[in-house]
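Coordinate inspection notes
Residue strings, one per chain:
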Amino acid sequence: MNPDAVMVTEMQALHRRWPELTGGVLAGTDGLLIASDLPATDATHLAALVAASFGLGQRMADTVGRGEFHDSVLRTSTGHVITCPAGLYAVLALICRPVGDLAGLRSAAREVARRAGAAFDAHRVGVAAVNLTQGHAPLAVRTPMATLPAQLRRSRPTAWRRPPI
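Residues numbered from 1 in each chain as written. Predicted model: local features only at pLDDT ≥ 70, side-chain atom pairs only at ≥ 80, totals over all residues. Heavy atoms only, no water.

Let us look at the overall build of the chain. Within the chain, the regular secondary structure consists of three helices and five strands. When the helices and strands of the chain are listed from N to C terminus, the series reads α-β-β-α-β-β-β-α. Residue burial in the chain is summarised as follows: out of 165 residues, 33% are buried. At a minimum sequence separation of 6, the contacts of the chain that also span at least 24 residues come to 48%. (Helix = DSSP H or I, 4+ residues; strand = E, 2+ residues; numbered from the N terminus. Buried < 20%, exposed > 50% of the residue type's maximum accessible area, 1.4 Å probe, protein only. Contact = heavy atoms within 4.5 Å.)

Here is the structure:
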């Protein structure tokens, strides 16, 4: 199933159960927007921040050695932002006003993240399989300098110079 469709369905169900919920973003771990029910400009900026927050949370969990990162909650004066991993390549963030059962919403967020992440992972694997069958090499493959045409290779390395002050 398409990650956008999964996100829309999941967010509708969450809005019915949690009226305090104001929006959600599914972002790639690279900071790119996958799906959202927020205005496009807000969602794009939030996707990058969510990925950075996820990276920080994951690094913190690794540093303290207390297990795998599950979620983080940012408390503000007017609400919360709940961030949790969604599969291997995505992160879910939910934005809400103050809620009485924050633990329940966090649990619901992890369940939505699990389903949305699975959909995105499956979609990503499907896209990768299509690209590989079309004969494209992965981006991580590098071309050795010896195989480049001579006009693309530098004849001699340029010396580093200190810029003028």
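Scanning the model with the defined rule gives one aromatic pair in all. Between the aromatic rings of F54 and F69, the centroid separation amounts to 5.7 Å while the plane-to-plane angle is 65 degrees, which identifies the pairing as edge-to-face. Of this pair, F54 sits in helix α2 (residues 40-64) while F69 sits in the loop between α2 and β3 (72-76), and the two are 15 residues apart along the sequence. By relative accessible area, which is 8% here, F54 ends up buried. Judged by relative accessible area, which is 12%, F69 ranks as buried. (Phe/Tyr/Trp six-rings, centres within 6.5 Å; stacked < 30°, edge-to-face > 60°.)

Attention now moves to the environment of F120. Within the fold, F120 resides in helix α3 (residues 102-133). Residue classification places F120 among the buried positions, given a relative accessible area of 12%. For the pair formed by F120 and L26, sequence separation is 94 residues and the distance between their alpha carbons is 9.5 Å.

Quick look at the pattern of salt bridges now. All told, the structure shown has five salt bridges when counted by the stated rule. The salt bridge partner of D71 is R110, with a shortest N-O separation of 2.4 Å. Here R110 lies in helix α3 and D71 lies in the loop between α2 and β3, a separation of 39 residues in the sequence. Accessibility expressed as a relative area gives 31% for R110, which makes it partly exposed. Put simply, R115 and E111 hold a salt bridge, and the shortest N to O gap is 3.8 Å. Here R115 pairs with E111, and both are found in helix α3, just four residues apart, close to one helical turn. (Salt bridge = Lys/Arg side-chain N within 4 Å of Asp/Glu carboxyl O.)

Glancing now at the sheet that holds strand β4 (residues 79-86). Backbone-to-backbone hydrogen bonds pair the strands of a sheet. The strands run either parallel or antiparallel. Strand order in this open sheet of five strands is β2-β1-β5-β4-β3, and the pairing throughout is antiparallel. What marks the edges here is a single partner per strand, and that holds for β2 (33-36) and β3. This sheet shows a mean twist of 15 degrees between the axes of neighbouring strands, independent of strand direction. Bridge count between strand β1 (residues 21-28) and β2: three bridges; the pairing is antiparallel. (Pairing = 2+ DSSP bridges. Axes fitted to C-alpha atoms, helices over the stretch in contact; angles between N-to-C directions.)

In terms of nonpolar packing, the biggest core is built from 26 residues, with L14, W18, L21, L26, L92, L94 and L105 touching the most fellow members. Mapped by element, the contributors of at least two residues to this core are α1 (3-17), β1, β2, β4, β5 (90-96) and α3. Ranked by residue count, the leading element in this core is α3, at nine residues. What L26 contacts, discounting residues up to four positions off in sequence, is M7, L33, I34, A35, A86, A90, V91, L92 and A116. (Core = buried A, V, L, I, M, F, W, Y, C linked by side-chain atoms within 4.5 Å.)

In this section: the confidence of the model for the chain. Confidence along the chain averages 79 in pLDDT terms, with 75% of residues attaining 70 or more. Low pLDDT (under 50) marks residues 128-137, which in the prediction has two contacts with non-local residues, meaning those over four places away or in another chain. (pLDDT = per-residue confidence, 0-100.)

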